[in-house]
Amino acid sequence: MARITASLYTSHVPAIGAALDLGKTHEPYWQKVFSGYEFTKRWMKESAPDVVFLVYNDHANAFSLEIIPTFAIGTAAGFAIADEGWGPRPVPKVIGHPELAAHVAQSVIQEDFDLTIVNRMDVDHGLTVPLSLVCGQPRAWPCRVIPFAVNVVQYPVPSGRRCFQLGQAIRRAVESYDEPLKVQIWGTGGMSHQLQGPRAGLINREWDNRYLDRLIAEPAALAQMPHIEYVREAGSEGIELVMWLIARGAMSDLGGGQAPKVAHRFYHVPASNTAVGHLILENQP
Amino acid sequence: MALDKPYKDVPGTTIFDAEQSRKGYWLNQFCMSLMKPENRRRFKSNERAYLDEWPMTDEQKQAVLARDLNRCIAAGGNIYFLAKIGATDGKSFQQMAGSMTGMTEEAYRDMMVGGGRPVEGNRYAREWEKK
């Protein structure tokens, strides 16, 4: 049977992609960001999964205001890299896993999570920046990827509670898939940041670190946090952090297993406008 | 019963909800069109003519021409859509965000390197009214 081996959490700042693509990684400003992913790149090579279930948000690239799905699962064989206005990032095409994606969709929809099924979707920096941070700059990505897009552009975004419950349903779905695949689930976006209005630039280091503590130790209580607290304390775009609760909900401890091992934790301010948070949690056998 | 919108009480912040989204529909769809290189070229060669192809309000068009992102947001724009204008102009997200704060580009960058805008004094609208 398939199983979830680990969950990984990371910010997905577009400027990180630009720094990588333009060869700025050795500049001191960016070195501080990338140093937090040195461990991760080695870890990824040593414990490479077959599939990454990648929770992210589209930033007005695949979805305009014509259609705004709350939860969208990519079930295609492949996903092209979006042109976000600067031209597409020079990164490999994303290869999907249509069979597992369809299995997850069928399972969780029957558990009352009404996903939107997407067979054609370009993927933007929300998905490709985490891949670059974790996998470096290979000619082809080392694993299949199932893109899972969450609406965090138009309010209201889904509640933390709903995201956390959905993660639990995704774990059950993965564990009922016959092929013995190793699957990682990634939650991306955040941490504190605000990109708009006179309050732009807001960062809340203390709140972010408390969020990381609670994500590790008391995710069910954390999932009860209302939207307004994210907005007020972590900035209007800090609300992206609800996506981390999908990945956290998919860990074994929520299904009666042991508490996960904290393999890596990193926090740095700033990357462009944003606080960068990064965490790896491993399921215990 | 009216919807509860506690986020109206956060200073210097416009939450892009259904009300803003309705107001800004064509402004944001115009921005979306700038994902195509051909449209970026046409927009740059004659901004006003390109804007006139869209059923936007005059205020929205003026706000775009002035590159006043706060005005664009007040008129229903969303930052992820408006970022396409910045991309067309060759601006980074940091330049765009900074332009809305009344700070110079350098001062904004320095603030971010120094740890960002603190949350103290920036949680509630009434904290800004006192200033």
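That block above? That's the structure.
Here the structure is a predicted model, which is why all the values come from computation and not from measurement.

How would you sum up the overall build of chain A? Please name residues and give values.
A tally of regular secondary structure across chain A gives 10 helices and 10 strands. Here chain A has a C-alpha radius of gyration of 17 Å; the compact-globule value for 285 residues is 19 Å, and the two agree. C-alpha atoms of chain A, sized along the principal axes, occupy 45 × 40 × 40 Å. When contacts within chain A are restricted to residue pairs at least 6 apart in sequence, those whose partners lie at least 24 apart make up 83%.

Quick rundown of unusual backbone geometry? Include the residues and the values.
All names here are of chain A. The amide bond that connects Tyr-155 to the next residue, Pro-156, takes the cis arrangement and shows omega of 0 degrees. Its place among the elements puts Pro-156 in the loop between β7 (144-150) and α6 (160-175). Put simply, Val-269 and Pro-270 share a cis peptide bond, and its omega is -5 degrees. Here Pro-270 is to be found in strand β9 (residues 261-271). If you check the backbone angles, Ala-60 has positive phi at about 60 degrees while not being a glycine.

Can you explain the interface of chain A and chain B? Please cite residues and give values.
Of the residues lining the interface, 35 residues belong to chain A; the matching set on chain B comes to 45 residues. Looking at the side of chain A that touches chain B, the elements with two or more residues in it are α1 (14-21), α9 (227-234) and β9 of chain A. A total of 4 residues in the side of chain A that touches chain B trace back to one element, the largest contributor, which is α9 of chain A. Its residues assigned to classes, the side of chain A that touches chain B comprises 16 nonpolar, 13 polar and 6 charged.

Any details on the packing of α6 of chain A against helix α10 (residues 242-249) of chain A? Residues and values, ideally.
Residue and element names in this part refer to chain A. Running from amino to carboxyl end, α6 crosses α10 at an angle of 30 degrees, the nearest separation of the two axes being 6 Å. As judged from the angle between their axes, α6 and α10 are roughly parallel. Judged by the sense of rotation from one axis to the other, the crossing of α6 with α10 is right-handed. Of α10, the residues touching α6 (which contributes Gly-160, Cys-163, Phe-164, Gln-165, Leu-166, Gly-167 and Gln-168) are Val-242, Met-243, Leu-245, Ile-246, Ala-247, Arg-248 and Gly-249. Of the residues in the contact of α6 with α10, the class split is 8 nonpolar, 5 polar and 1 charged.

I'd like to hear about the packing of helix α4 (residues 98-109) of chain A against α6 of chain A, residue by residue, with values.
Residues and elements named next belong to chain A. The contact between α4 and α6 brings their axes to 9 Å, and the two run at 125 degrees. Classified by the angle between their axes, α4 and α6 sit oblique to one another. Crossing handedness for the pair α4 and α6: right-handed. Residues His-103, Val-104, Ser-107 and Val-108 of α4 lie in contact with α6, whose contacting residues are Leu-166, Ala-169, Ile-170, Arg-172, Ala-173 and Val-174. For the contact of α4 with α6, the per-class residue count stands at 7 nonpolar, 2 polar and 1 charged.

Provide a residue-level description of the pairing of strand β8 (residues 182-188) of chain A, including the pertinent values.
Residue and element names in this part refer to chain A. Where burial is concerned, most of β8 is hidden: 6 out of the 7 residues are buried. Strand direction decides the pairing type here: strand β1 (residues 3-10) and β8, joined by 7 bridges, are parallel. Residue pairing in the sheet places Arg-3 in a bridge with Lys-182 of β8. When strand β2 (residues 51-56) meets β8, the two strands line up parallel, connected through 5 bridges. Residue pairing in the sheet places Phe-53 in a bridge with Ile-185 of β8.

Mind laying out α4 of chain A, listing which residues take part and the relevant values?
Residues and elements named next belong to chain A. Its 12 residues place the ends of α4 16 Å apart at the C-alpha level, agreeing with the 16 Å of an ideal helix rising 1.5 Å per residue. Among all positions of α4, only Leu-100, Ala-101, Val-104, Ala-105 and Val-108 are buried. Looking straight down α4, one finds its buried side chains confined to an arc of 140 degrees; they lie on one side. The inward-facing, buried residues of α4 contact β2, β3 (71-74), β6 (116-118), β7 and α6.

Outline the nonpolar core, listing residues and values.
Of all hydrophobic cores here, the largest spans 123 residues; its most connected members are Leu-54, Val-55, Ile-170 and Met-243 of chain A. Apart from residues no more than four positions distant in its own chain, Leu-54 of chain A is found in contact with Leu-127, Pro-130, Val-145, Ile-146, Pro-147, Phe-148 and Trp-186 of chain A.

The rules behind these values
- Residues numbered from 1 in each chain as written.
- Chains lettered and ligands numbered in written order.
- Predicted model: local features only at pLDDT ≥ 70, side-chain atom pairs only at ≥ 80, totals over all residues.
- Helix = DSSP H or I, 4+ residues; strand = E, 2+ residues; numbered from the N terminus.
- Rg over C-alpha atoms; globule rule 2.2 N^0.38 Å.
- Contact = placed C-beta atoms within 7 Å.
- Nonpolar A, V, L, I, M, F, W, Y, C, P; charged D, E, K, R; others polar.
- Axes fitted to C-alpha atoms, helices over the stretch in contact; angles between N-to-C directions.
- Parallel < 35°, antiparallel > 145°, perpendicular 65-115°, else oblique.
- Left-handed = near helix turned anticlockwise from the far one by under 90°.
- Buried ≥ 20, exposed ≤ 12 C-beta atoms within 10 Å, placed from the backbone.
- Pairing = 2+ DSSP bridges.
- Expected span 1.5 Å × (residues − 1).
- Arc of directions from axis to C-beta.
- Core = buried A, V, L, I, M, F, W, Y, C linked by C-beta atoms within 7 Å.

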